Amino acid sequence: MSYPQDCWYVAATSDEVGDGLVSRRILDRSVLLFRLSDGSIAALEDRCAHRPYPLSAGHREDDLVVCGYHGCTYDASGRCVRMPGQDNPPWGAQVRAFPVLERAPFVWIWTGTPGGERLRPPPSTPWLQGDGWSSVGERRVVAADVVLLHEHYLDLTNVFEMHPELVPPGIEALPPLEEVIVSEMSVAYTRELPQAPLAPWEAKVSGLDRLESFGRRETGTFVTPGLHKQTYSIIGPDGPELELVRTHGFTPESSGVTHVFLQISWRGGSLSSDAGAQLAGVFHEMADRDVAVLETMQRCLDEDPTPRRYVNVKADRAALRARKIMQSMVEEERAD
Ligand code: FES
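Each chain carries its own residue numbering, running from 1 in the written order of its sequence. This being a predicted model, a pLDDT of at least 70 is required before a residue's local features are given, and a value of 80 or more before pairs of side-chain atoms are given or counted; all residues contribute to the totals for chains, interfaces and linings. Where side-chain values are given, they derive from all heavy atoms of the structure, hydrogens and water being excluded.

A.B. asks: Would you explain the pattern of salt bridges in this entry?
C.D. replies: Whenever Lys or Arg places a side-chain nitrogen within 4 Å of a carboxyl oxygen from Asp or Glu, that contact is recorded as a salt bridge. Evaluation of the coordinates by the stated rule reveals 16 salt bridges. The partner of Glu192 in a salt bridge is Arg217, and the shortest N-O contact between them spans 2.5 Å. A residue pair is termed long-range when its members are at least 10 positions apart, and Glu192 in strand β13 (residues 187-196) and Arg217 in strand β14 (residues 214-224) qualify at 25 residues. Through salt bridges with shared partners, one network takes in Glu16, Arg24 and Arg139. Working definition: helices are DSSP H or I runs of at least four residues, strands are E runs of at least two. Numbering for both runs from the N terminus.

A.B. asks: Is there a simple way to think about the nonpolar core in this case?
C.D. replies: A general trend in soluble globular proteins is that nonpolar side chains are found buried together. What we call a nonpolar core is a set of buried Ala, Val, Leu, Ile, Met, Phe, Trp, Tyr and Cys residues that are connected through their side-chain atoms within 4.5 Å. Here's how the labels work: a residue is buried when its accessible area is under 20% of the maximum for its type, exposed when over 50%, partly exposed in between, all with a 1.4 Å probe on protein chains only. Counting residues in hydrophobic clusters, the biggest one holds 44 residues, and the most contacted among them are Val31, Leu33, Ile109, Leu154 and Phe222. Broken down by element, the residue count for this core peaks at six residues, all from helix α5 (residues 317-335). When we break this core down by domain, the ones giving at least three residues each are domain 1 (8-118) and domain 2 (126-335). Contact between two residues is taken to exist if any of their heavy atoms lie within 4.5 Å; hydrogens are not considered. Not counting chain neighbours up to four residues away, the residues in contact with Ile109 comprise Cys7, Trp8, Tyr9, Ala11, Ile26, Val31, Ala43, Phe98, Pro99 and Val100. In this structure, Leu166, Leu262, Leu279 and Val282 belong to the second largest nonpolar core, which totals 20 residues. Each domain's extent is set by a domain assignment, obtained either automatically or from a database.

A.B. asks: Just to check I follow, could you spell out the sheet that holds strand β7 (residues 73-74) for this structure?
C.D. replies: Adjacent strands of a sheet form backbone hydrogen bonds with each other and so pair up, either parallel or antiparallel. Pairing within the open sheet is antiparallel, and its four strands lie in the order β5-β6-β7-β8. At either margin of the open sheet sits one strand with a lone partner, and together these are β5 (59-61) and β8 (80-82). Pairing geometry for strand β6 (residues 64-66) and β7, over two bridges, is antiparallel. Opposite Val66, over in β7, you have Thr73 as the bridge partner. Pairing between strands is defined by DSSP: at least two bridges between the two strands are required.

A.B. asks: Quick question: what am I supposed to make of α5 here?
C.D. replies: Count 3.6 residues to each turn of an α-helix, and residues three or four apart come out pointing the same way. Multiplying 1.5 Å by the residue count of a helix minus one yields the expected span of that helix. Between its terminal C-alpha atoms α5 stretches 27 Å, which fits the 27 Å expected from 19 residues at 1.5 Å a residue. By the burial criterion, the buried members of α5 are Ala318, Ala319, Ala322, Ile325, Met326, Met329 and Val330. Seen end-on, α5 carries its buried residues on one side only, within an arc spanning 130°. Opposite its buried face, α5 presents the exposed residues Lys324, Arg334 and Ala335, each directed more than 90 degrees away. Each direction from the helix axis to a C-beta atom contributes to the arc, which is the arc of those directions.

A.B. asks: What is the right way to read the side chain of Ser14 from this model?
C.D. replies: Mapped onto the elements of the fold, Ser14 is located in the loop between β1 (8-13) and β2 (22-26). Here Glu102 takes part through its side chain, which lies 2.6 Å from a polar atom of the side chain of Ser14. For the purposes of these results, a polar contact is taken to be a pair of N or O atoms within 3.5 Å, where, inside protein, one atom must be able to donate a hydrogen and its partner to accept one; residues adjacent in sequence count only when each atom of the pair is a side-chain atom.

A.B. asks: Honestly, the environment of Ala280 in this entry has me stumped. Any pointers?
C.D. replies: The residue Ala280 is located in helix α4 (residues 275-303) in this model. For Ala280, a relative accessible area of 27% translates into the label partly exposed. Separated by 145 residues in the primary sequence, Ala280 and Ser135 place their C-alpha atoms 9.3 Å from one another.

A.B. asks: Looking at this structure, how should I read the sheet that holds strand β10 (residues 106-110)?
C.D. replies: Strands sit in the order β1-β10-β9 across an open sheet of three strands; the sheet is antiparallel. The strands lining the two open edges of the sheet, one partner per strand, are β1 and β9 (100-103). Across the sheet, the mean angle from the axis of one strand to that of its neighbour is 30°, orientation sign disregarded. The pairing of β9 with β10 spans four bridges and is antiparallel. Opposite Arg103, over in β10, you have Phe106 as the bridge partner. Inter-axis angles, ranging from 0 to 180 degrees, are taken between N-to-C directions of lines fitted to C-alpha atoms, where helices are fitted over the stretch in contact.

A.B. asks: Honestly, the packing of aromatic side chains in this entry has me stumped. Any pointers?
C.D. replies: Where two aromatic rings form a pair, the distance of their centres and the angle of their planes describe that pair. Geometry of aromatic contacts follows a simple scheme: Phe, Tyr and Trp rings, the Trp one being its six-membered ring, pair when their centres are within 6.5 Å, and the pair is stacked under 30 degrees between planes, edge-to-face over 60, tilted otherwise. Using the criterion set out here, one finds six aromatic pairs in the structure. Taken together, the ring pairs connect Trp201, Tyr232 and Phe283 into an aromatic cluster. In this structure, Lys229 is placed above the aromatic ring of Trp127, and the distance from its NZ or CZ to the ring centre is 4.1 Å. Here, a charge over a ring is recorded when the distance from Lys NZ or Arg CZ to the ring centre is within 6 Å and its angle to the ring normal is within 35 degrees.

A.B. asks: Any chance you could explain the pairing of strand β16 (residues 239-254) here in plain terms?
C.D. replies: Consecutive side chains along a regular strand alternate between the two faces of the sheet. Judged by how many residues are buried, β16 sits mostly within the fold: 12 of 16 residues are covered. Linking two consecutive strands that pair antiparallel, namely strand β15 (residues 227-236) and β16, is a turn of two residues. Two strands pair when backbone bridges link them, and β16 and strand β17 (residues 257-268) are joined in this way by 12 bridges, in the antiparallel orientation. Residue pairing for β17: Val245 is matched across the bridge by Ser265. Remark: two residues form the turn of the hairpin made by β16 and β17, two consecutive strands paired antiparallel; Gly256 in that turn has positive phi of roughly 95°.

Printed below as a string of structure tokens:
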């Protein structure tokens, strides 16, 4: 297995979980999500305790879920409260309930060691909760391993080859990473770009004069195996003119397949009125190209899984650290 279990991952976005039953494969488990009458969200194992049948194929009765095969009925804690044909459900008739925490737009889930969720709270994401920020998002399922995704987004030297129209005019190469900060669980890098005029997309979003020169500051953070954060600021003489955050919730569906919850957040002084639509378009196209490369790499690995030694370059520093952190988390869990 390439991913740690003991970690909070994004299960869904808030708007996906309503009155219906949402089934999602998360960390090789089928999980059922539904919103209760008090507005909170319940997450249960999506498999009846009676027979191997998904609860998501049943229906709701208020805050209860009724299995669509013989009618066993479960509450939000996973306890079977009604079993057709007998007065009381048998002892142990229960499905696992998973801890869930909603911090819109993300619904976080813990499917790891029971009780472990109290020791490691999900990362805080204040830029996704307003305070001058606006956000737009999308979700995809990518046929590539979560480790490949983290590595890809920790090395932006691929922009010249993959996304050349996004690079500010006159910049021929990215300067080296200035700083790579590593803690026990996270990796972060920063990089400053030299002054340059605006790329067309930057001018459209920021409303700034395209011919004026600005600096750029970029950071990337592997926050946890389930969350990746990148920032990009266009900086004028008085400070940031436009601040962008690209947030990726990465949730393994299984080894080799990952749910990607993408959020683009922005704030700035003189933004164009359709900044949100512009950014959604730019980053959607970027994601299309990223996904094509990531899925191709996964296919190469699947076709020839023979371990081999790859050449690493300076820009891989942060990515390699992230890989190591994930590997050591997986090994620690195996040892436990
Ligand atoms: S399989 Fe669910 S009640 Fe029988």
